[in-house]
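Observations on chain architecture
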Amino acid sequence: MRTHYCGDINETLIDQTVTFSGWVHRRRDHGGVIFLDVRDREGMVQVVFDPDTPEAFATADSVRSEYVVQITGRVRARPAGTTNANMKTGMIEVLGKEIGILNKAATPPFPLDGYTDVGEDVRLKYRFMDLRRPEMQEKLRFRSKVTSHVRRYLEANGFWDFETPILTRATPEGARDYLVPSRTHEGSFFALPQSPQLFKQLLMVSGFDRYYQIAKCFRDEDLRADRQPEFTQIDIEASFINEDDIMGIAQGMIKEIFQQELNVDLGDFPRMPYAEAMNRYGSDKPDMRIPMEIIDVAEFLQDIDFKVFSGPAKDPKCRVAALKVPGGAELSRKQIDEYTHFVSIYGAKGLAWIKVNELEKGVEGLQSPIIKFIGDDNTLKIMEKLGAKNGDIVFFGADKTKIVCDALGALRCKVAADLNMYTSEWAALWVVDFPMFEENDDGSITSLHHPFTAPIGSPETMAKDPLNALSRAYDMVLNGVELGGGSIRIHDQDMQQEVFRALGISEEEQREKFGFLLDALKFGAPPHGGLAFGLDRLIMLMTGAQSIREVIAFPKTQSAACVMTQAPGEVSNTQLRELHIKLREKAKPAAAE
């Protein structure tokens with residue numbers, strides 16, 4: 001039905017006859033001459049119909065936006081002054097000789113020529129139309145190119161492509177599982193995998209040495225701009241390696257992709273311990289493009305009467321810290337109030353601040369309602385430690401350590417975005433030496449990553465002081481986004497059982513949930529490790545998209561629904577009976593008296 005794609009017709013084909021098919025992107029009637037812009041996945045081409053071909057002219061006159069057409073015509077150079085250097089086909093046009101309407105189209109729910117900012121719910125309902133837009137086609141084309149590049153790189157480095165089960169059993173990986181009832185095993189459920197974690201480890205035990213998979217994963221969790229209930233991972237695992245080996249492979253892959261697909265050299269990837277990242281930037285995924293750090297100032301505030309500061313300054317589980325914003329003194333009170341509301345999202349009870357107007361005048365050159373509570377001497381010592389200069393503003397946080405880190409860490413990124421403080425376009429690093437566990441409010445502990453991550457040291461050392469144990473985990477961070485993370489895994493049965501015990505998982509529960517893994521570790525498991533990259537998140541960053549929904553063909557909404565297919569949906573009572581399921585009736589609202 002065609003000799004060429006629309007976007008491939010160029011100057012090399014001048015005076016040749018071509019046939020192509022596509023959608024009518026735009027129709028223009030210029031005083032007896034009809035222009036059609038016809039579009040397919042490779043681009044757009046301009047077609048001219050004049051009255052010299054009456055039948056084709058009449059058909060062209062009848063077409064409308066998004067009609068599907070087949071056209072035959074002669075390629076010619078555009079007249080002087082009408083070329084378009086911004087189009088691949090902008091130097092030529094096609095003089096149409098024949099046109100066939102392959103399908104008519106109803107009026108689109110939103111215009112595709114000169115796209116307007118319609119609501120996302122409309123775009124997702126008519127996603128098949130939204131995906132016709134050249135911007136969306138380019139993002140998904142780019143995704144396909146990156147995926148192909150990943151496969152080539154990993155296979156060149158000895159990795160084999162495997163598939164792992166989608167119907168499996170629930171494992172504790174940090175989020176709720178999507179459950180699938182079994183028809184043949186009454187009362188039992190499969191779980192959709194949050195990751196292929198256990199299966200890829202078992203493939204290492206099986207001796208396959210190097211595994212990869214472009215894997216679908218599922219997590220029933222609250223959604224954000226960079227989260228979806230079903231998402232895609234670049235999943236990697238290898239045997240007989242250490243951290244340097246697997247990090248080197250992963251870093252090489254990401255650097256090569258950026259170099260070849262974006263012509264960007266990411267440079268060296270520095271390594272930063274987790275504790276340093278949290279202390280200096282309030283985040284385990286710090287954006288290193290931002291020239292601001294969080295500085296502890298508790299030593300100046302322990303003995304003051306103002307308990308908002310002195311209380312946390314004396315508490316070892318709390319933190320008092322400051323964030324200096326260069327040039328931030330220009331912020332209005334309204335903007336400061338907006339930032340105060342912003343940090344409250346992270347649990348902060350307020351946002352104290354000091355504006356530095358004329359530091360050479362001492363406290364007289366500072367502007368803040370809190371100086372009288374801190375004291376002149378303490379205030380000036382804080383300014384000295386921070387290296388404050390005229391025109392700066394200093395924000396303070398005083399609360400539990402996690403709240404201060406979360407609030408000031410997020411504020412650092414928010415202010416940098418608002419004031420355009422970035423010092424480079426890209427900044428990558430590895431965050432390493434994560435804690436093995438974290439403590440819950442009830443005193444129990446959970447794995448910071450997952451329970452199959454190897455700790456640094458022996459089982460005995462880890463068991464004596466689990467909350468201070470470090471793990472052999474590592475995260476790759478780019479521009480403040482966690483691109484991927486992984487760890488060296490536990491390959492020793494004794495260590496694995498010790499970790500389970502630290503997590504409060506009884507031996508009975510260990511056998512019930514992980515008996516197959518513990519059995520595998522008894523039969524000569526090799527040292528192994530790996531990591532996984534979020535493919536959706538990677539493409540979002542590389543294309544500059546605002547959300548991963550922009551780089552997934554058919555994403556879910558923030559309520560984990562598909563408005564196009566109306567999923568999830570109800571099922572028949574017959575299907576429920578086959579699955580041995582009975583739904584509770586919804587409680588009826590009480591009648592008004």
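Here the structure is shown first, and the text comes after it.
Computed from a prediction, not measured in an experiment: that's the story for all the values here. (Residues numbered from 1 in each chain as written. Predicted model: local features only at pLDDT ≥ 70, side-chain atom pairs only at ≥ 80, totals over all residues. Heavy atoms only, no water.)

Within the secondary structure layout, R78 lies in the loop between β4 (68–77) and β5 (92–103). Here R78 is buried and forms no salt bridge, its nearest opposite-charge partner E93 lying at an N-O distance of 4.9 Å. Engagement of the side chain of R78 in a polar contact is seen with the backbone oxygen of T82, the distance being 3.2 Å. At 3.4 Å, the side chain of R78 and the backbone oxygen of G90 are in polar contact. Aside from chain neighbours lying at most four places away, what touches R78 is Q46, T83, N84, M87, T89, G90, M91, I92 and E93. (Helix = DSSP H or I, 4+ residues; strand = E, 2+ residues; numbered from the N terminus. Buried < 20%, exposed > 50% of the residue type's maximum accessible area, 1.4 Å probe, protein only. Lys, Arg positive; Asp, Glu negative; His and termini not counted. Salt bridge = Lys/Arg side-chain N within 4 Å of Asp/Glu carboxyl O. Polar contact = N/O pair within 3.5 Å; in protein donor to acceptor, adjacent residues only side chain to side chain. Contact = heavy atoms within 4.5 Å.)

So, on to the environment of E98. Mapped onto the fold, E98 is located in strand β5. Once the C-alpha coordinates of E98 and T59 are considered, the two residues, 39 residues apart in sequence, prove to be 9.0 Å apart.

Moving on: the sheet that holds strand β16 (residues 393–400). Across the sheet, which stays open at both edges, the five strands sit in the order β12-β13-β16-β14-β15 with antiparallel pairing between neighbours. Looking along the sheet, the strands with just one partner apiece sit at the ends: β12 (294–296) and β15 (366–367). Here strand β14 (residues 352–356) runs beside β16; their pairing, made up of four bridges, is antiparallel. Bridge pairing in β16 links A352 to F396. The sheet strands contacting helix α7 (residues 274–281) are β12 and β13 (318–325), and the helix crosses β12 at an angle near 95°. (Pairing = 2+ DSSP bridges. Axes fitted to C-alpha atoms, helices over the stretch in contact; angles between N-to-C directions.)

Once that is clear, we can look at the packing of helix α5 (residues 197–205) against helix α15 (residues 507–521). Axes are the key here: two packed helices are described by the angle between their axes and the distance separating the axes. Remark: α5 packs on α15, axes separated minimally by 10 Å, with the N-to-C direction vectors making an angle of 20°. The angle between α5 and α15 places the two elements in the roughly parallel class. In the crossing of α5 with α15, the sense of the turn from one axis to the other is left-handed. Facing α5, whose interface residues are L198, L202 and V205, α15 presents F514, F516, L517 and A520. When its residues are assigned to classes, the contact of α5 with α15 shows seven nonpolar, no polar and no charged. (Parallel < 35°, antiparallel > 145°, perpendicular 65-115°, else oblique. Left-handed = near helix turned anticlockwise from the far one by under 90°. Nonpolar A, V, L, I, M, F, W, Y, C, P; charged D, E, K, R; others polar.)

Moving on to the packing of aromatic side chains. What the rule picks out here adds up to 16 aromatic pairs. Three or more aromatic residues joined by ring pairs make a cluster, and in this case those are W160, F162, F208 and Y211. Just above the ring of Y422 sits the side chain of R289; from NZ or CZ to the centre is 4.1 Å. Sitting over the ring of F342, K414 keeps its end group 5.9 Å from the ring centre. (Phe/Tyr/Trp six-rings, centres within 6.5 Å; stacked < 30°, edge-to-face > 60°. Lys NZ or Arg CZ within 6 Å of the ring centre and 35° of its normal.)

Ranked by size, the top nonpolar core spans 44 residues in total, and within it M253 and F533 carry the most contacts. Contributing elements (two or more residues each) for this core: α4 (134–156), β10 (230–239), α6 (243–262), β17 (428–432), β20 (473–478), β21 (481–488), β22 (528–534) and α16 (535–543). Counting residues per element, this core draws most heavily on α6, which supplies eight residues. Sequence-distant contacts of F533, that is, excluding residues within four places in its chain, are made with T232, Q233, I234, I236, A250, M253, I254, M476, L483 and G484. Membership of the second largest hydrophobic core comes to 24 residues, among which are M292, A321, F395 and M421. (Core = buried A, V, L, I, M, F, W, Y, C linked by side-chain atoms within 4.5 Å.)

Moving on to the pairing of strand β1 (residues 17–29). Bridge count between β1 and β4: seven bridges; the pairing is antiparallel. Across the sheet, residue G22 finds its bridge partner in β4, namely V69. Across six bridges, β1 lies against strand β2 (residues 34–40) in antiparallel orientation. Its bridge partner being in β2, W23 is matched across the sheet by R39. Counting the residues between successive antiparallel strands, the hairpin from β1 to β2 contains four residues, one of them, G31, with a positive phi of roughly 60°.

Here we take up unusual backbone geometry. A cis amide bond links A567 to the next residue, P568, at an omega of 0°. As for its position among the elements, P568 is in the loop between α16 and α17 (573–578). Positioned with a positive phi, E66 is a non-glycine residue whose angle comes to about 75°. Tracing the chain through its elements places E66 in the loop between α1 (54–62) and β4.

Bringing α6 into the picture now. For α6, with 20 residues, the first-to-last C-alpha span of 28 Å sits near the 28 Å given by 1.5 Å per residue. Within α6, the full set of buried residues consists of I246, M247, I249, A250, Q251, M253, I254, I257, F258 and E261. Near the N-terminus of α6, the side chain that reaches the backbone nitrogen of D244, with its oxygen 3.1 Å away, is that of N242. Two residues or fewer after α6 comes N263, characterised by a positive phi angle close to 55°. (Expected span 1.5 Å × (residues − 1).)

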